[in-house]
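Below are the chains, spelled out letter by letter.
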Amino acid sequence: MFKLPDKVTQLKPYDPITGSYAVRLDANESYFDLPQVLKDKIADQIEQIDFNRYPDPIATEVIEAFAAYYNLSPDCVTAGNGSDEIITLLLNTFMEKGQKLVTVSPDFSMYGVYAELAEIEVMTVQKKENLQIDTDALIAACKEANAVVFSNPCNPTSLGMPRADVVRLIEAVPDCMVIVDEAYMDFWDESVLDLINKYPNLIVLRTCSKAIGLAAARMGFAVMDPYKTGLLRAAKSPYNCDAISQKICATVLKEQTLLQHCRDEIIVQTQRLYTAITELSQRYPDLLETVYAPRTNFVFVKTAYAREIFEQLQKAGIAVRCFPHGLRICAGTRREQTLLISELDRILQPK
Ligand SMILES: *Cc1c(COP(=O)(O)O)cnc(C)c1O
């Protein structure tokens, strides 16, 4: 009798919040939609697509725009259908069944899911009490493993591992592939993107979904030396990035001034959010235990009442992300953040 493997029958679908909310602060997206002039420009370009033809398999225009924006060479860049596709592709291409992958916890949950589907063994290193990575413990684990992946700065903690520590890790474990997921590095300044040709064991991931503001377009990137880039491009499905997404991302990635302006605004808004939540935590220290200084576009709050606060906010039409020991709240517009803070204040007040 035909039987599916346990690794798939045990799977639970990723469940982003559904339903309609006045305020969406749950998915770490940019709160900037594209300006109308840019939407018009994209619409024009989409009209010129030959819809009966397959897209460019390498996404040449996109990777050239991406490389120019980050000061890289395009032959170090592979484009994927979101960095999610890139992660699963990397694990299936550069690792073998039964090999070991180190992850840290808490971190982005999809790494473990993709690893298990690829039949890769996952070893998880717990973060310190302050939610920072213990670099020595990580190095020790990586010496026993084939690869390591972590987000820097981290989703969901919002904290970052300084570049010097990342370099120390890369140099300490030359036999271990180090995948640094820099989905939020536009909001911080400790990237290792410039080191991909120096270290053959380094792979950096980037995405258009966060600071670039194109979560809808599904475009992520793996950055590594040209030799491995050639191999990854050969291993990926040829038409993984569709022609429409390619047009959208190429057009937007060329808007350097706009992108930097949006990023700077988001950083300011995140700092405002951090300040406001910190004030609340000082008024309600028993309810909001710790607010972490963010290196990302969201704030993480440690609280034993995450579920209760999350549900109350939901009733007020505000979506945030709930974790077992905390809440992850993404930066929004001034109006959205004012609404959030006043609702939080109302919820936390003694009844
Ligand atoms: C949001 C996010 C991504 C991006 O995924 P896409 O598939 O490119 O949208 C990757 N890694 C982390 C840690 C993220 O938080």
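Residues numbered from 1 in each chain as written. Predicted model: local features only at pLDDT ≥ 70, side-chain atom pairs only at ≥ 80, totals over all residues. Heavy atoms only, no water.

1. Structural notes on the state of the cysteines
Within this structure, the stated rule accounts for zero disulfides. Of all cysteine sulfurs, the one in C208 lies closest to C249, which takes part in no disulfide; the gap is 4.2 Å. Look at C249 and you get buried, because its relative accessible area is 0%. C262 carries a free sulfur, and the closest cysteine sulfur to it, the one in C208, is 13 Å from it. (Disulfide = S-S within 2.5 Å. Buried < 20%, exposed > 50% of the residue type's maximum accessible area, 1.4 Å probe, protein only.)

2. A few points about the sheet that holds strand β5 (residues 147–151)
Strands sit in the order β2-β8-β7-β6-β5-β3-β4 across an open sheet of seven strands; the sheet is mixed. Of all the strands in the sheet, just β2 (77–80) and β4 (121–126) have a single pairing partner and so form its edges. Neighbour-to-neighbour, the strand axes of this sheet turn through a mean angle of 20°, independent of strand direction. Of the pairings in the sheet, the one linking β5 to strand β6 (residues 177–181) comprises five bridges and is parallel in character. The partner of V148 across the bridge, within β6, is V178. Sheet contacts for helix α7 (residues 163–172): β5, β6 and β7 (202–207); angle to β6, the most-contacted strand, approximately 160°. (Pairing = 2+ DSSP bridges. Helix = DSSP H or I, 4+ residues; strand = E, 2+ residues; numbered from the N terminus. Axes fitted to C-alpha atoms, helices over the stretch in contact; angles between N-to-C directions. Contact = heavy atoms within 4.5 Å.)

3. Observations regarding a nonpolar patch on the surface
On the surface, F2, L4, V8, L11 and L117 cluster together into a nonpolar patch covering about 460 Å² of accessible area. You can see L4 is positioned in the segment before α1 (6–9). (Patch = residues over 30% accessible without salt bridge, like charges linked within 9 Å, V, L, I, M, F, W, Y side chains within 5 Å. Areas by Shrake-Rupley, 256 points an atom, 1.4 Å probe, with all protein chains shown as cover. Salt bridge = Lys/Arg side-chain N within 4 Å of Asp/Glu carboxyl O.)

4. So, the site of the ligand
The full set close to the ligand counts 14 residues, and D181, Y184, T207, S209 and K210 are the nearest of them. Within the side chain of D84, an N or O atom sits 2.9 Å from an oxygen atom of the ligand. At a separation of 2.6 Å, an oxygen atom of the ligand approaches a polar side-chain atom of Y184. Considered on its own, the ligand offers 390 Å² of accessible surface; in the complex 94% of this is hidden by protein. Looking at the shell around the ligand, the element that brings in the most residues is helix α4 (residues 82–94), giving three residues. (Near = heavy atom within 4 Å. Polar contact = N/O pair within 3.5 Å; in protein donor to acceptor, adjacent residues only side chain to side chain.)

5. Quick look at the side chain of T103
Among the structural elements, T103 can be located in strand β3 (residues 100–105). Separated by 3.1 Å, the side chains of T103 and T124 make a polar contact. Those residues in contact with T103 that lie beyond four places of it in its chain are Y111, V122, M123, T124, V125 and V149.

6. Here's the deal with the pattern of salt bridges
Applying the stated criterion to the full structure yields 19 salt bridges. Ionic pairing is found between D194 and R163, a salt bridge with its closest N-O pair at 2.7 Å. In this pair, D194 sits in the loop between β6 and β7 while R163 sits in helix α7, placing the two residues 31 residues apart along the sequence. The class for D194 is exposed, based on a relative accessible area of 52%.

7. Overview of the packing of aromatic side chains
The full count for this structure, using the stated rule, is nine aromatic pairs. Considering the side-chain rings of F300 and F323, the 6.1 Å spacing of their centres and the 70° angle between planes classify their relative orientation as edge-to-face. Of this pair, F300 sits in strand β10 (residues 298–302) while F323 is found in strand β12 (residues 321–323), placing the two residues 23 residues apart along the sequence. Of the aromatic side chains, those joined through ring pairs into one cluster are F66, Y69, Y70 and F221. (Phe/Tyr/Trp six-rings, centres within 6.5 Å; stacked < 30°, edge-to-face > 60°.)

8. Some points on the packing of helix α2 (residues 36–47) against helix α9 (residues 243–253)
At their nearest, the axes of α2 and α9 sit 10 Å apart, and the two run at 140° to each other. Relative to α9, the element α2 is oriented oblique. As for the relative orientation of α2 and α9, their crossing is right-handed in sense. Residues L38, K41, I42, Q45 and I46 of α2 touch α9, and the partners they reach there are I244, K247, I248, T251 and V252. (Parallel < 35°, antiparallel > 145°, perpendicular 65-115°, else oblique. Left-handed = near helix turned anticlockwise from the far one by under 90°.)

9. Examining the sheet that holds β12
The strand order across the open sheet formed by four strands is β9-β10-β13-β12, and the pairing between neighbours is antiparallel. Both edges of this open sheet fall to β9 (290–291) and β12, since each of them pairs with a single strand only. Sheet topology places β9 next to β10; two bridges connect them, and they run antiparallel. Bridge assignment links T290 to a residue of β10, and that residue is K302. Sitting on the sheet, helix α10 (residues 256–283) is in contact with β9, β10 and β13 (326–330), with an inclination near 20° to β10.

10. Describing the domain arrangement of the protein
Under the domain assignment, the protein is made up of domain 1 (6–30 + 257–348) and domain 2 (52–254). Inter-centroid distance (C-alpha atoms) of domain 1 to domain 2 is 25 Å. Each partner contributes to the interface: domain 1 provides 23 residues, whereas domain 2 provides 28 residues. Taken together, the two surfaces of domain 1 and domain 2 that pack against each other cover about 2,200 Å², and 65% of this comes from carbon and sulfur. Put simply, domain 1 and domain 2 have two salt bridges between them. Put simply, domain 1 and domain 2 have five residue pairs in polar contact (both at pLDDT 80 or more) between them. Of all the secondary structure elements, the ones that give two or more residues to the side of domain 1 that touches domain 2 are α10 and β10. Take the side of domain 1 that touches domain 2: its biggest share by element is five residues, from α10. (Domains from an automatic or database assignment. Buried area = accessible area lost by both parts, 1.4 Å probe.)

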